[in-house]
Amino acid sequence: MSRLDFDFYESEDPVWNPALLTIPVPGIRKMVNLAATMDDVIHLSIGQPDAPAPPHVIQAGVDALQAGQTGYTMDAGLPELLDALAEYNGERYGRTISPENILVTTGATEAIYLALSAVSAPGREFIVADPSFMLYAPLIRMHGGEVRYVPTRVENNHQLDPQEVIDAIDSNTHAIILNSPSNPTGTVYPRETVETIVQEAAYRGIYVISDEVYDHLVYDNRDYASVLSCCSDLDHVMIISSFSKTFSMAGMRIGWLIASQGAIKKLRRYHMFTTTVANTPCQWAGVAALKGPRAFIDDIQENYKKRRNRLVQLVEQTPHLEGYMPEGAFYLFPSLPEGVNGNNVALRMLRETGVCTIAGDTFGESCRNALRFSYATSIENIERAFERIIPWMERQDFG
Ligand SMILES: Cc1ncc(COP(=O)(O)O)c(C=O)c1O
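Keep in mind the model is a prediction, meaning the values are calculated, not measured. Position labels on residues start from 1 in each chain and follow its written sequence. Only residues with pLDDT of 70 or above have their local features reported here, since the model is predicted, and side-chain atom pairs are shown and tallied only from 80 upward, although totals for entire chains, interfaces and linings are computed over all residues.

### Regarding the UniProt feature "domain: Aminotransferase class I/classII large" (unreviewed entry) in the chain
Turning to step 1, where the next piece is worked out: UniProt positions are given in the numbering used here, feature names are shortened, and annotations may be inferred rather than shown by experiment. According to UniProt, the positions carrying the feature "domain: Aminotransferase class I/classII large" (unreviewed entry) are residues 40-389.
Turning to step 2, where the next piece is worked out: A helix here means a DSSP run of H or I that spans at least four residues, while a strand means a run of E at least two residues long, and both kinds are numbered starting from the N terminus. In residues 40-389, the share of helix is 39% and the share of strand is 14%. The end C-alpha atoms are 14 Å apart.

Structure below.
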């Protein structure tokens, strides 16, 4: 598999659009593919919940299939799902959202693809936190846009400094990408940060594209500042989320994008030329997820919080790793000493201890000495992993 990746990306065969060269060989695939050839691997690499979707959600998908719901829906999405999303987001964020403000997509991934490729063009600059989820920069560059990174730092819990974002805005800035809680850092931006950025962007006529797929995975009773609750209107914002993380529905592939009605009309046309519509029975499962009991989300939060606390403790006990307390998602992104190549460390650690993590350079340029640990796995697995990692790190000499 990694051999195929190499052939594909390095090939000089003229059939391929050179724009595809902006897509890196995915660091996650590289590690997971290597791990698949090994025995007794403990994964701290996984970016999806370790529990299945709730039974009522699965049942709704099965019922939809059995009722013959196997055709296309309306292009914007199943009307029942659009209504449910409008109500759910309107209630959660205290504003009126109409179904015409929403587009249902094939996971948040399609929404990100549509949003970025619809607005990226040569000469346009996009402000992106470094590190950030690996889709943003390649999609911007694939369509000719340029990425202006604003680095975040481990000693500051990877918080995004709103003033650094504002200072990075210039006459070519077209949009700011936000992702709170963040993959790979787990950082949740406080309301002041989101409000300051959203207000400045609106004032300057710049779009804010906000990826909020971890919006429910926020711990310690922290306030969650969705862009939807920080903007005065939807004119310059696109808010993206999905059922993947909160409802353990990653494989069911249903996400959504909320924006002005004008933006949704344009994106609907584009959506018809990419995926046509999202998966119909899984849209019905999405309706059940929003209309059914949601108390299990509290249990999930409590469970992730315990795992996070244990992981943070274990990282504190590990030589050469500098951690912090992430407030959301299910990731921690500790640093190795300055100048150490995280890629080499992740590979050697996998080969020599059987623990699979993801190297920092998968997520940007300023964090090559970091490793991403996912705690979407049991405390027992996390503890077993560190029984191997700590003695291994004790033997390393990065001097
Ligand atoms: C920040 C972020 N955005 C989007 C996605 C993709 O979500 P979906 O499964 O809904 O396409 C992920 C998945 O890991 C993610 O971490």
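### Some details on the site of the ligand
Turning to step 1, where the next piece is worked out: Nearness rests on one distance test: the residue's C-beta atom, set from the backbone, must lie within 6 Å of the molecule or strand. Around the ligand, a shell composed of 13 residues is seen, among which Gly 107, Ala 108, Thr 109, Ser 242 and Ser 244 lie nearest.
Turning to step 2, where the next piece is worked out: Asp, Glu, Lys and Arg are counted as charged, while Ala, Val, Leu, Ile, Met, Phe, Trp, Tyr, Cys and Pro are counted as nonpolar; the rest, among them Gly, fall into the polar class. Residues that form the shell around the ligand fall into these classes: four nonpolar, eight polar and one charged.

### Some thoughts on the pairing of strand β8 (residues 255-258)
Turning to step 1, where the next piece is worked out: Burial in this document is a count-based property: other C-beta atoms within 10 Å of a residue's C-beta are tallied, and the residue is buried at 20 or more, exposed at 12 or fewer, or partly exposed in between, with C-beta positions derived from the backbone. What you see with β8 is no split at all: Gly 255 and Leu 257 on one side and Trp 256 and Ile 258 on the other are buried throughout.
Turning to step 2, where the next piece is worked out: Relative to β8, strand β2 (residues 102-105) runs antiparallel, the two sharing four bridges. Paired with Thr 105 across the strands is Gly 255, a residue of β8.
Turning to step 3, where the next piece is worked out: Note: two strands are recorded as paired if DSSP finds a minimum of 2 bridges between them. Sheet topology note: the strand β7 (residues 237-242)/β8 ladder contains four bridges and is antiparallel. Each residue of the ladder has a partner; that of Ile 240, found in β8, is Leu 257.

### Quick notes on the sheet that holds β7
Turning to step 1, where the next piece is worked out: The strand order across the open sheet built from seven strands is β2-β8-β7-β6-β5-β3-β4, with neighbouring strands paired in mixed fashion. The sheet is open, and its two edges are formed by β2 and β4 (146-151), each paired on a single side. Averaged over all pairs of adjacent strands, the angle between strand axes in this sheet comes to 20°, irrespective of strand direction.
Turning to step 2, where the next piece is worked out: Inspection of the sheet shows strand β3 (residues 125-130) paired to β4 by six bridges, in the parallel sense. When the sheet's bridge partners are listed, Phe 126 is paired in β4 with Val 147. All axes are obtained by fitting lines to C-alpha atoms, using only the stretch in contact for helices, and the reported angles, taken between N-to-C directions, cover 0 to 180 degrees.

### Topic: the domain arrangement of the chain
For interface size, the figure often reported is the accessible area lost on association.
Turning to step 1, where the next piece is worked out: Bear in mind that the domain bounds are from an automatic or database domain assignment. By the assigned domains, the chain splits into domain 1 (2-52 + 296-394) and domain 2 (55-291).
Turning to step 2, where the next piece is worked out: By the convention adopted here, residues are in contact when the distance between their C-beta atoms, placed from the backbone, does not exceed 7 Å. On the side of domain 2, 32 residues touch domain 1, which itself brings 36 residues to the contact.
Turning to step 3, where the next piece is worked out: Elements supplying a minimum of two residues to the side of domain 1 that touches domain 2: α11 (296-316) and β9 (331-332).
Turning to step 4, where the next piece is worked out: Examining the composition of the side of domain 1 that touches domain 2, we find that five residues originate from one element, α11, more than from any other.

### Quick notes on the packing of helix α3 (residues 55-66) against helix α10 (residues 280-291)
Turning to step 1, where the next piece is worked out: Taken N-terminus to C-terminus, the directions of α3 and α10 make an angle of 140°; their axes are 8 Å apart at the nearest point. Comparing their axes, α10 and α3 come out oblique. α3 and α10 meet at a crossing whose hand is right-handed. Contacts between α3 and α10 involve His 56, Val 57, Ala 60, Gly 61, Ala 64 and Leu 65 on the former and, on the latter, Thr 280, Pro 281, Cys 282, Trp 284, Ala 285, Val 287, Ala 288 and Ala 289.
Turning to step 2, where the next piece is worked out: By residue class, the composition of the contact of α3 with α10 is eleven nonpolar, three polar and no charged. Oblique is the label for any angle not covered by the other classes, which are roughly parallel (under 35 degrees), roughly antiparallel (over 145) and roughly perpendicular (65 to 115). By convention, the crossing between two helices is left-handed when the near helix turns anticlockwise from the far helix through less than a right angle, and right-handed when the turn is clockwise.

### Structural notes on the environment of Lys 305
Turning to step 1, where the next piece is worked out: With respect to the secondary-structure elements, Lys 305 resides in helix α11.
Turning to step 2, where the next piece is worked out: What makes Lys 305 partly exposed here is the crowd of 16 C-beta atoms within 10 Å.

### Quick look at α3
Turning to step 1, where the next piece is worked out: What a helix is expected to span follows from its residue count: subtract one and scale by 1.5 Å. With twelve residues, α3 extends 16 Å between its outermost C-alpha atoms, agreeing within 8% with the 16 Å of an ideal straight helix rising 1.5 Å per residue.
Turning to step 2, where the next piece is worked out: Here the buried face of α3 lies against α10.
Turning to step 3, where the next piece is worked out: Positive phi shows up at Gly 68, right after α3, with a value of about 80°.

### Points about the sheet that holds strand β11 (residues 358-359)
Turning to step 1, where the next piece is worked out: Here we have three strands laid out as an open sheet, ordered β9-β12-β11, and antiparallel in their pairing. Sheet topology places β9 and β11 at the edges, where each strand pairs with a single neighbour.
Turning to step 2, where the next piece is worked out: Sheet analysis places β11 next to strand β12 (residues 371-374), joined by two bridges and oriented antiparallel. When the sheet's bridge partners are listed, Ile 358 is paired in β12 with Arg 372.

### Looking at the pairing of β7
Turning to step 1, where the next piece is worked out: Burial of β7 is extensive: six of the six residues sit out of reach of the surface.
Turning to step 2, where the next piece is worked out: Across the two faces of β7 the burial is the same, with Val 237, Ile 239 and Ser 241 and Met 238, Ile 240 and Ser 242 all buried.

### Some thoughts on the nonpolar core
Turning to step 1, where the next piece is worked out: Of all hydrophobic cores here, the largest spans 115 residues; its most connected members are Val 104, Ala 115, Val 208, Val 227, Val 237, Met 238 and Leu 257.
Turning to step 2, where the next piece is worked out: Residue-level mapping places this core at the junction of two domains, with at least three residues from each of domain 1 (2-52 + 296-394) and domain 2 (55-291).
Turning to step 3, where the next piece is worked out: What Ala 115 contacts, discounting residues up to four positions off in sequence, is Ile 209, Met 238, Ile 240 and Leu 257. Take the buried Ala, Val, Leu, Ile, Met, Phe, Trp, Tyr and Cys residues, join any whose C-beta atoms are within 7 Å, and the set you get is a nonpolar core.

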